[in-house]
Amino acid sequence: MRLEQIVLDSNDPSRLVRFWAGLLGGEPVDREHGWAHVEPPGGVRMSFQPVPEHKDVKNRLHLDFEVEDIEAAVVKAVSLGATREGVVHTDEKGSFQVMRDPEGNEFCFVR
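Parameters and conventions
- Residues numbered from 1 in each chain as written.
- Predicted model: local features only at pLDDT ≥ 70, side-chain atom pairs only at ≥ 80, totals over all residues.
- Heavy atoms only, no water.
- Salt bridge = Lys/Arg side-chain N within 4 Å of Asp/Glu carboxyl O.
- Helix = DSSP H or I, 4+ residues; strand = E, 2+ residues; numbered from the N terminus.
- Buried < 20%, exposed > 50% of the residue type's maximum accessible area, 1.4 Å probe, protein only.
- Pairing = 2+ DSSP bridges.
- Axes fitted to C-alpha atoms, helices over the stretch in contact; angles between N-to-C directions.
- Phe/Tyr/Trp six-rings, centres within 6.5 Å; stacked < 30°, edge-to-face > 60°.

Going by the annotation in an unreviewed UniProt entry, the name recorded for the protein chain is Glyoxalase-like domain-containing protein, with Lentzea albidocapillata given as the source organism.

Trainee: Report on the pattern of salt bridges, specifying residues and quantitative values.
Mentor: Opposite charge on two side chains allows them to pair when their charged atoms are near. In the structure shown here, the tally under the stated rule is seven salt bridges. The salt bridge partner of Asp 30 is Arg 18, with a shortest N-O separation of 2.8 Å. Here the residue Asp 30 occupies a position in strand S2 (residues 29–30), and Arg 18 occupies one in helix H1 (residues 13–24), the gap between them amounting to twelve residues. Residue classification places Asp 30 among the partly exposed positions, given a relative accessible area of 42%. One salt bridge in this structure joins Arg 100 and Glu 85, with 3.0 Å as the shortest N-O distance. You can see Arg 100 sitting in strand S7 (residues 94–100) and its partner Glu 85 sitting in strand S6 (residues 83–91), a full 15 residues away along the chain. Classification of Glu 85 by relative accessible area gives partly exposed; the value is 31%.

Trainee: Let's hear about the sheet that holds strand S5 (residues 63–66): which residues, and what values?
Mentor: As summarised here, the arrangement of the four strands in space is S5-S8-S7-S6, forming an open sheet in which the pairing is mixed. At either margin of the open sheet sits one strand with a lone partner, and together these are S5 and S6. Here the strands of the sheet are splayed against their neighbours by 20° on average, with no regard to which way each runs. Both S7 and strand S8 (residues 106–110) contribute to a ladder of five bridges, which runs antiparallel. Across the sheet, residue Val 98 finds its bridge partner in S8, namely Cys 108.

Trainee: Describe the pairing of strand S4 (residues 45–50), listing the residues and the values that go with them.
Mentor: Across six bridges, the pairing between strand S1 (residues 5–10) and S4 is parallel. Note on S4: the bridge partner recorded for Ile 6 is Met 46. Between the antiparallel neighbours strand S3 (residues 36–38) and S4 lie six residues, among them Gly 42 with a positive phi of about 75°.

Trainee: Lay out the packing of aromatic side chains in plain terms, naming residues and giving numbers.
Mentor: Counted according to the given criterion, the structure contains six aromatic pairs. Aromatic side chains Phe 19 and Trp 20 sit 5.1 Å apart centroid to centroid with 85° between the ring planes, which places their arrangement in the edge-to-face category. The same class applies to Phe 19 as to Trp 20, namely buried. The rings of Phe 19, Trp 20, Phe 65, Phe 107 and Phe 109 are connected pair by pair, giving a single aromatic cluster.

Structure representation (C-alpha cells):
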C-alpha cells in the first residue's frame, strides 16, 4: 500500500490548484467535472474536488512542510494568497508557523 494522493474539498479547484502549484512547484492541471491536481516535484499529488459547501471548522488533518527559512516561506505563501495565523511557535522539537491557503485550509511551515 502507498499514498497515491491527498484530496482537498474546494469551492474553486482551478484557483486552489494554482496556489499550491505556485507554492510547491509542478504544473496545475484542470480536469473534467471541475477537479484539478498538481504533482509537486518529489511530493505526493494534491487533488482538489469541487464541493458546494464552504469550509467552516478547523481541519482534522493538516499538512506540514519542512522549510529552510520559515519567514521566507511565509512571504512566498502570502504573495500567492495564503494568510498567516498568529506567530511562529517554538518548542523542544523546533519551530512552526500555522498558515491558511486561499480557502482557509490550515497547513504549517516547520523547521
